[in-house]
Amino acid sequence: QVQLVESGGGLVQAGGSLRLSCAASGRTFSSYNMGWFRQAPGKEREFVAAISRSGGSTVYKDSVQGRFTISRDNAKNTVTLQMNSLKPEDTAVYYCAADQSSVIYRTAPRWDVWGQGTQVTVSS
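Nothing here was measured: the structure is a model prediction, and the numbers come from that model. (Residues numbered from 1 in each chain as written. Predicted model: local features only at pLDDT ≥ 70, side-chain atom pairs only at ≥ 80, totals over all residues. Heavy atoms only, no water.)

## Regarding the overall build of the protein
Within the protein, the secondary structure is distributed over 0 helices and 11 strands. On C-alpha atoms alone, the protein measures out to a radius of gyration of 13 Å, which is about the 14 Å that the 2.2 N^0.38 rule sets for 124 residues. Taking the principal axes of its C-alpha atoms as reference, the protein extends roughly 40 × 25 × 25 Å. Each of the 124 residues in the protein was classed as buried or not, and the buried ones make up 43%. Counting contacts in the protein only where the partners sit at least 6 residues apart, residues at least 24 apart contribute 59% of the total. (Helix = DSSP H or I, 4+ residues; strand = E, 2+ residues; numbered from the N terminus. Rg over C-alpha atoms; globule rule 2.2 N^0.38 Å. Buried < 20%, exposed > 50% of the residue type's maximum accessible area, 1.4 Å probe, protein only. Contact = heavy atoms within 4.5 Å.)

## As for the packing of aromatic side chains
In this structure the tally under the stated criterion is 4 aromatic pairs. Summarising the aromatic geometry, the rings of Phe37 and Trp111 are spaced 5.6 Å apart at their centres and angled 75 degrees between planes, so their arrangement reads as edge-to-face. Of this pair, Phe37 sits in strand S4 (residues 33-39) while Trp111 sits in the loop between strand S9 (92-99) and strand S10 (113-114); the two residues are 74 residues apart in sequence, bridging distant segments of the chain. Each member of the pair, Phe37 as well as Trp111, is classed as buried. Arranged with centres 5.0 Å apart and planes meeting at 65 degrees, the rings of Phe37 and Trp114 form a pair that is edge-to-face. Taken together, the residues span a long stretch of sequence, with Phe37 in strand S4 and Trp114 in strand S10 at a distance of 77 residues. Through a chain of ring-to-ring contacts, three or more aromatic side chains come together here, namely Phe37, Phe47, Tyr95, Trp111 and Trp114. When the ring centre of Tyr105 is taken as origin, the NZ or CZ atom of Arg110, which lies over that ring, is 4.0 Å away. (Phe/Tyr/Trp six-rings, centres within 6.5 Å; stacked < 30°, edge-to-face > 60°. Lys NZ or Arg CZ within 6 Å of the ring centre and 35° of its normal.)

As structure tokens, this is what we get:
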């Protein structure tokens, strides 16, 4: 099973950009779909974006489509979330997740492995 460590969170003004990275340990990274979720205070953890094992397929939450881009590098065991045109409502703790299912799920309980999270704060 992989272990995940996120980095790259921080404070940014509305309209700005941040790049989140997730480093995975283990030799089976390419066997996992990878995803990003986020959780704001008092709210449930919600799906943001996911990418298939090969990187050939991506899925996004409607509200981030066109602003966020997920990518992966299987040689480096990393997955990245480039976030542009950030809005105050994007403020949350962002979590990297991994799952070996044959399909990409948008619900958090279906994902097997989680990182510790990184805070993203967007000021207005």
